[in-house]
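Chain residues, written in single-letter form:
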Amino acid sequence: AMLPKAMKEYGGIGIAAPQIGWWTRVFCFGIEGTNPRYPDAEGLPLTMWINPELTSSPSSTETCWMWEGCLSVPGMRGWVERPSEVVVSGWD
């Protein structure tokens, strides 16, 4: 419950455990309702992952550009290119 609470408190849509001083490989993400920092994002159920690995999707080589921020660096945002699809593996 620590990660979702911190994510909601700071207005994020994802957060990793080390960002709140919990030195383990866990992260969560989700969008409940609307998020003012990401007004065009569709809703996603809250998901937590243990020992996550993210890899590019073998079915898509497309990329997309988007504004991205980091809750560890408040107020800093950048225009970044990311894969359009990724595969997440680990314990959810």
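These numbers were taken from a predicted model, which means no experiment stands behind them.

Colleague: Describe in detail the pattern of salt bridges, supporting the description with residues and values.
Modeller: Evaluated as defined, the whole model comprises two salt bridges. Among the ionic pairs, K8 bridges to E32, the shortest N-O distance being 3.5 Å. A residue pair is termed long-range when its members are at least 10 positions apart, and K8 in helix 1 (residues 2–9) and E32 in the loop between strand 2 (26–31) and strand 3 (44–56) qualify at 24 residues. Note that E68 and R82 form a salt bridge whose closest N and O atoms lie 2.6 Å from each other. In this pair, E68 sits in strand 4 (residues 63–69) while R82 sits in strand 5 (residues 77–83), placing the two residues 14 residues apart along the sequence.

Colleague: Tell me what's going on with helix 1, and back it up with residues and numbers.
Modeller: Of the positions making up helix 1, those classed as buried are L3, P4, A6 and M7. Within helix 1, the buried residues cover an arc of 165 degrees as seen down the axis, which keeps them to one side. Pointing more than 90 degrees away from the buried face of helix 1 are the exposed residues K5, K8 and E9. Directly beyond the C-terminal end of helix 1, a positive phi value near 75 degrees is found at G11.

Colleague: Lay out the packing of aromatic side chains in plain terms, naming residues and giving numbers.
Modeller: Applying the stated criterion across every chain yields a total of three aromatic pairs. Plain terms: the ring middles of F27 and F29 are 5.8 Å apart, the flat faces sit at 20 degrees to each other, and that makes the pair stacked. Residue class for F27 comes out buried when judged on its relative accessible area of 16%. Residue classification places F29 among the partly exposed residues on the basis of a relative accessible area of 26%. Pairing W65 with W79 gives two aromatic rings, centres 6.4 Å apart and planes at 20 degrees, and the pair type is stacked. One end of the pair, W65, is in strand 4; the other, W79, is in strand 5, with 14 residues separating them in the sequence. Aromatic rings pair up to connect W65, W67 and W79 into one cluster.

Colleague: Which residues make up a nonpolar patch on the surface, and what values do they have?
Modeller: Residues W65, M66, W67 and W79 make up a contiguous nonpolar surface patch of roughly 480 Å² in combined accessible area. When residues of the nonpolar patch are assigned to their parent elements, the largest contribution, three residues, is made by strand 4.

Colleague: Can you explain the pairing of strand 3? Please cite residues and give values.
Modeller: Pairing between strand 2 and strand 3: five bridges, direction antiparallel. Counted as the bridge partner of F27 is W49 from strand 3. Across five bridges, the pairing between strand 3 and strand 6 (residues 86–91) is antiparallel. The residue of strand 6 that forms the bridge with E53 is S89.

Quick notes on the rules
Residues numbered from 1 in each chain as written. Predicted model: local features only at pLDDT ≥ 70, side-chain atom pairs only at ≥ 80, totals over all residues. Heavy atoms only, no water. Salt bridge = Lys/Arg side-chain N within 4 Å of Asp/Glu carboxyl O. Helix = DSSP H or I, 4+ residues; strand = E, 2+ residues; numbered from the N terminus. Buried < 20%, exposed > 50% of the residue type's maximum accessible area, 1.4 Å probe, protein only. Arc of directions from axis to C-beta. Phe/Tyr/Trp six-rings, centres within 6.5 Å; stacked < 30°, edge-to-face > 60°. Patch = residues over 30% accessible without salt bridge, like charges linked within 9 Å, V, L, I, M, F, W, Y side chains within 5 Å. Areas by Shrake-Rupley, 256 points an atom, 1.4 Å probe, with all protein chains shown as cover. Pairing = 2+ DSSP bridges.

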